[in-house]
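# Chains, contacts and geometry: an overview
Here are the chains, one letter per residue:
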Amino acid sequence: MATSARALVGWTDQRWAAVQEVVDSTLAGAAKCRQVIPKAPDQIGSKAVVVPNIPVLAAGAAAVPLAFGPDIVMSPVQIYFDVDINDQYIDDEQAVLRLLGAGAANLGALEDLEIIQGAGAPAAAAVPAAAAAVPAAAAAVPAAAAAVPAAAAAVPAAGGAVALGPAGRVLRNRTLIRGRLGFEPGVPGNPIGAGAVAPTGLQITTAIGIAKAALDAAARPGQCGLLLGNNLLGFLKLPAVAGAAPFIQAVEQLIGTNQIAGTTALDGPYVGGRLCGVLFRIEPPAVDLVHTQTPTVTVLGRAAGMTNFRVEEEIALRMLDPTSVHYINL
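So, here is what we can say about the structure in this document. From a predicted model like this one, the values you see are computed outputs, not experimental measurements.

Reading the values: the criteria
Residues numbered from 1 in each chain as written. Predicted model: local features only at pLDDT ≥ 70, side-chain atom pairs only at ≥ 80, totals over all residues. Heavy atoms only, no water. 1 Å grid on protein atoms, 1.4 Å probe; cavity = no way out; pocket = protein on both sides within 12 Å on 5 of 7 lines; lining within 4 Å. Points joined across faces, edges and corners; volume = space filled by probe spheres on them. Helix = DSSP H or I, 4+ residues; strand = E, 2+ residues; numbered from the N terminus. Nonpolar A, V, L, I, M, F, W, Y, C, P; charged D, E, K, R; others polar. Contact = heavy atoms within 4.5 Å. Phe/Tyr/Trp six-rings, centres within 6.5 Å; stacked < 30°, edge-to-face > 60°. Buried < 20%, exposed > 50% of the residue type's maximum accessible area, 1.4 Å probe, protein only. Lys NZ or Arg CZ within 6 Å of the ring centre and 35° of its normal.

Under the defined criterion, the tally for this structure stands at two cavities of 30 Å³ or more. Of the volumes computed, that of the second largest cavity is approximately 40 Å³. If you trace the second largest cavity, you find it lined by Met 74, Ser 75, Val 77, Glu 114, Arg 178, Gly 179, Ile 315, Ala 316 and Leu 317. In terms of residue count, strand S11 (residues 306-319) provides more of the lining of the second largest cavity than any other element does, three residues in total. The residue inventory of the lining of the second largest cavity, partitioned by class, reads five nonpolar, two polar and two charged.

Right, dumping it as structure tokens:
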């Protein structure tokens, strides 16, 4: 942050350090996808991120030798959530930390949305067939490059003291594409098959087992990470009968790890074809997450007795090996 901007609030270095600690610790809990997706080395300041990808093979093509396809160049995405603090609270450290922490929690939810949805939620009709092979030309096409406009609605202030401002996810380089983990061309999926009702823990576990078997059959064995909607993860934490082990223990045995997280980015109504889970190999990684700007708090300015802050970061989700990813849908 620029020194001149920090001077607007007059906080000590210790206060800024406390703010950064709250932002980092809150994001660690609120941003669920990063708990499972491997982290790549930071590329601070980069305006383009190269993806060394292993393309999906055309139907009938030889599986060996493995080779990289043409590099994909992606734009980082700026993710931000604005927070306004009025003069009454600007020197109340606990109030400041609480509010900026709330902003960081919202940033974490936006990060999950960006990782799963990219430019927007995919249509249910885009669900790939379970066993369909996809030509290599379609394999590495990430989501549309359109920038996502900032959400316009502001959250009402608590007790009139503060106001949470707009949020956004914006491409840094509009000439490049963005990545996402949800419903990419060339990535197969299989349905849970519960229809328009809540699936059972057994149905979810079975679908995960089929997805893991599909990765093994595609010559992508190994330990996997799993992202699910929060409601489905909740069902897995229940036992089949009272006193039995919860389903999630069987899931951990199936995928070889406990790298499982639930995210609101995969929540939604019980509608056939809706994406509700992603299984992907984590060693070697099928996807990873690059930061081109680590999470930080920026002072935007002051007006009418309010100091305007922005909790922000820049990320790029890299799809390294689409064959090592499998979707689970309702």
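In this section: the environment of Lys 32. Position of Lys 32 among the secondary structure elements: in the loop between helix H2 (13-30) and strand S1 (49-51). Once you skip the residues sitting within four places of it in the chain, Lys 32 turns out to touch Asp 112, Leu 227, Ala 261, Gly 262 and Thr 263.

Turning next to the packing of aromatic side chains. Inspection of every chain in the model, using the stated rule, returns two aromatic pairs. Considering the side-chain rings of Trp 11 and Trp 16, the 4.9 Å spacing of their centres and the 55 degrees angle between planes classify their relative orientation as tilted. In terms of burial, Trp 11 and Trp 16 fall into one category: buried. Relative to Phe 309, the ring of Trp 11 has its centre 5.4 Å away and its plane inclined at 15 degrees; by these criteria the two rings are stacked. Of this pair, Trp 11 sits in the loop between helix H1 (3-6) and H2 while Phe 309 sits in strand S11, and the two are 298 residues apart along the sequence. In this pair, the class of Trp 11 matches that of Phe 309, namely buried. Three or more aromatic residues joined by ring pairs form one cluster here, namely Trp 11, Trp 16 and Phe 309. Seen from the ring of Trp 16, Arg 6 lies directly overhead, with NZ or CZ sitting 4.4 Å from the centre. Above the face of the Tyr 80 ring, Arg 310 is positioned so that its terminal group lies 3.8 Å from the ring centre.

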